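# Chain and residue survey
One letter stands for each residue in the lines below.
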Amino acid sequence: MNRTTQRFVHSSLALILLLAIAGCSGREPSYPEQSNTTPTALDITDLKEILSTLDASNATLTYYNGENEETYPANAAIRAEKYITELQNYDMWEICQPPEHWSSNGDCHYSFNGDGVSLTAYRNGFEGVRPLHVTTSIGDNWFRLADSTLAQTDSTQQLSWMLCDTFGNWYNEAQAATLNRSTGTPLAADELDEFEAFTSSQVSTYVEEWGRYVVSSTPISCFFTSLYDDPRNLDANAFITYCPSQEELGPEDEAEFQLVQKKLDWRNAGSHLLALEEMPVPCHRLPRSYINKILMQYAGITVEDMHSDWKAELCYVPETDCFYTTTSDFGPGVFNLNYGEKSGDIVTLWGASSYSGGTAVLTLQKSNDSWLIQSFQAKL
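Here's what I pulled together on the structure shown here. (Residues numbered from 1 in each chain as written. Predicted model: local features only at pLDDT ≥ 70, side-chain atom pairs only at ≥ 80, totals over all residues. Heavy atoms only, no water.)

## Side note on the sheet that holds strand E15 (residues 322-325)
- One open sheet accounts for 4 strands, arranged E12-E13-E15-E14; its pairing is antiparallel. Here the strands that pair on one side only, and so sit at the sheet edges, are strand E12 (247-248) and strand E14 (316-317).
- Sheet topology places E12 next to strand E13 (residues 284-287); 2 bridges connect them, and they run antiparallel. Bridge pairing in E13 links Glu-248 to His-284.
- Those strands touched by helix H8 (residues 288-299) are E13, E14 and E15, and its axis lies near 65° from that of E13. (Pairing = 2+ DSSP bridges. Helix = DSSP H or I, 4+ residues; strand = E, 2+ residues; numbered from the N terminus. Contact = heavy atoms within 4.5 Å. Axes fitted to C-alpha atoms, helices over the stretch in contact; angles between N-to-C directions.)

Here it is in structure tokens:
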């Protein structure tokens, strides 16, 4: 036997001996684990599990408007836990895949980025779908919130656009808290809820007869139609134009309408007085006592306390002691509350305003069991 043959025999015997030992031990030989690099397609059960453990502690919220993006701490929002609960309460989910021609790069969206998870809600989406892209360390997928067609109350209603609104409202509050943090004590979540209800510009009521919701303005919305450092400097016309009138002149009020036209010199191109049926828009009657009630309730003042003569500036008829407006559309002043602080009996609220074109600051002062408006100004 030559040396080469000897080495081959020895090597073979050694290999056989090792295999025998392994077999006698009763254990499988160990091999390196193979890594699976193919991402997992998350399902709806995965999504609900992700939402059930969502944590804002170390997370951020980003808004991308198609050109620029801004990022703020997710837990800066006073009501961060409320928005997590909203996401968890959405229960009608569907998996949806974007079409090949759709690009998410130019679509406005909100992104939540936390420990090992990213949730991106798109504002416009594709083909009527506003998708949610969920990415984790193990995989990703696209989901949409399905519409609930049987709900009859706001608390149970689920519509696809609500998902992006949840992220948008959460982001707005995180941004406002970060940028407007001052020396006062931040409001608690339930306090912010209370002031949000107090400053709401509109109310939605379900009318069973019509089978739909009807939206109407609230009296406090009149205080968000102009900016002022003192409510006695309110813009009279802006205040009253969309004031929620409880009285509209009808056929039985034709004589009153003729009096109103004569006093206010409302004439058409032919210089004759119009009949109510000829009016292109309704004529609303607002008693001075009604306007004073609104002013007193929210600012502790009356028409007579104003720094300008409202009776001279507005459509006021002494004989009826009423103001009159002619509007048919819906345009209340809006203040969307995002952040607030308290200092003694003063509460300062920051929010988006339809009038200021950006962030407005509403200052309130405690008066017995109510709050009175001290000013409404644009943030400089």
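So, next bit.
## Some thoughts on the pairing of strand E10 (residues 202-207)
- With 6 bridges connecting them, E10 and strand E11 (residues 212-217) associate as antiparallel partners. The residue of E11 that forms the bridge with Val-207 is Arg-212.
- Here E10 folds back onto E11 in antiparallel fashion, the turn holding 4 residues, of which Gly-211 has a positive phi close to 70°.

## Here we look at the environment of Phe-112
- Counting through the fold element by element, Phe-112 comes out in strand E5 (residues 109-114).
- For Phe-112, a relative accessible area of 0% translates into the label buried.
- Residues Phe-112 and Thr-71 lie 41 residues apart in sequence; the distance between their C-alpha atoms is 9.6 Å.
- Filtering out sequence-adjacent residues up to four positions away, Phe-112 remains in contact with Leu-54, Asp-55, Ala-56, Ala-59, Thr-60, Leu-61, Ala-74, Val-117, Ser-118, Leu-119, Phe-167 and Trp-170. (Buried < 20%, exposed > 50% of the residue type's maximum accessible area, 1.4 Å probe, protein only.)

## Remarks on the sheet that holds strand E19 (residues 370-378)
- Strand order in this open sheet of 5 strands is E9-E16-E17-E18-E19, and the pairing throughout is antiparallel. Strands with a single pairing partner mark the edges of an open sheet, and in this sheet they are strand E9 (185-186) and E19.
- The pairing of strand E16 (residues 335-343) with strand E17 (residues 346-353) spans 8 bridges and is antiparallel. By the bridge assignment, Lys-342 is partnered in E17 with Val-347.
- Helix H5 (residues 189-198) contacts E16, E17, strand E18 (359-367) and E19 of the sheet and is inclined by roughly 130° relative to E16.

## Regarding helix H2 (residues 44-52)
- Along H2, the positions that sit buried rather than exposed are Leu-47, Ile-50 and Leu-51. Buried residues of H2, viewed axially, fall in a sector of 95°; they line one side.
- Where H2 is buried, its residues meet helix H3 (80-89), strand E4 (93-95), strand E6 (117-122), strand E7 (132-136) and strand E8 (139-145). (Arc of directions from axis to C-beta.)

## Considering the layout of surface pockets
- Space inside the largest pocket adds up to approximately 1300 Å³.
- For the lining of the largest pocket, the secondary structure elements donating two or more residues are H3, helix H4 (161-180), H5, E10 and E16.
- With 7 residues, H4 is the single largest residue contributor to the lining of the largest pocket.
- Within the lining of the largest pocket, the residues separate by chemical class into 11 nonpolar, 15 polar and 9 charged. (1 Å grid on protein atoms, 1.4 Å probe; cavity = no way out; pocket = protein on both sides within 12 Å on 5 of 7 lines; lining within 4 Å. Points joined across faces, edges and corners; volume = space filled by probe spheres on them. Nonpolar A, V, L, I, M, F, W, Y, C, P; charged D, E, K, R; others polar.)

## With respect to the packing of H3 against H4
- Between H3 and H4, whose axes approach to 10 Å, the crossing angle comes to 170°. Here H3 is positioned roughly antiparallel relative to H4, judged by the angle of their axes. Across from Ala-80, Tyr-83, Ile-84, Glu-86 and Leu-87 in H3, the residues of H4 making contact are Leu-163, Thr-166, Phe-167, Asn-169, Trp-170 and Glu-173. (Parallel < 35°, antiparallel > 145°, perpendicular 65-115°, else oblique.)

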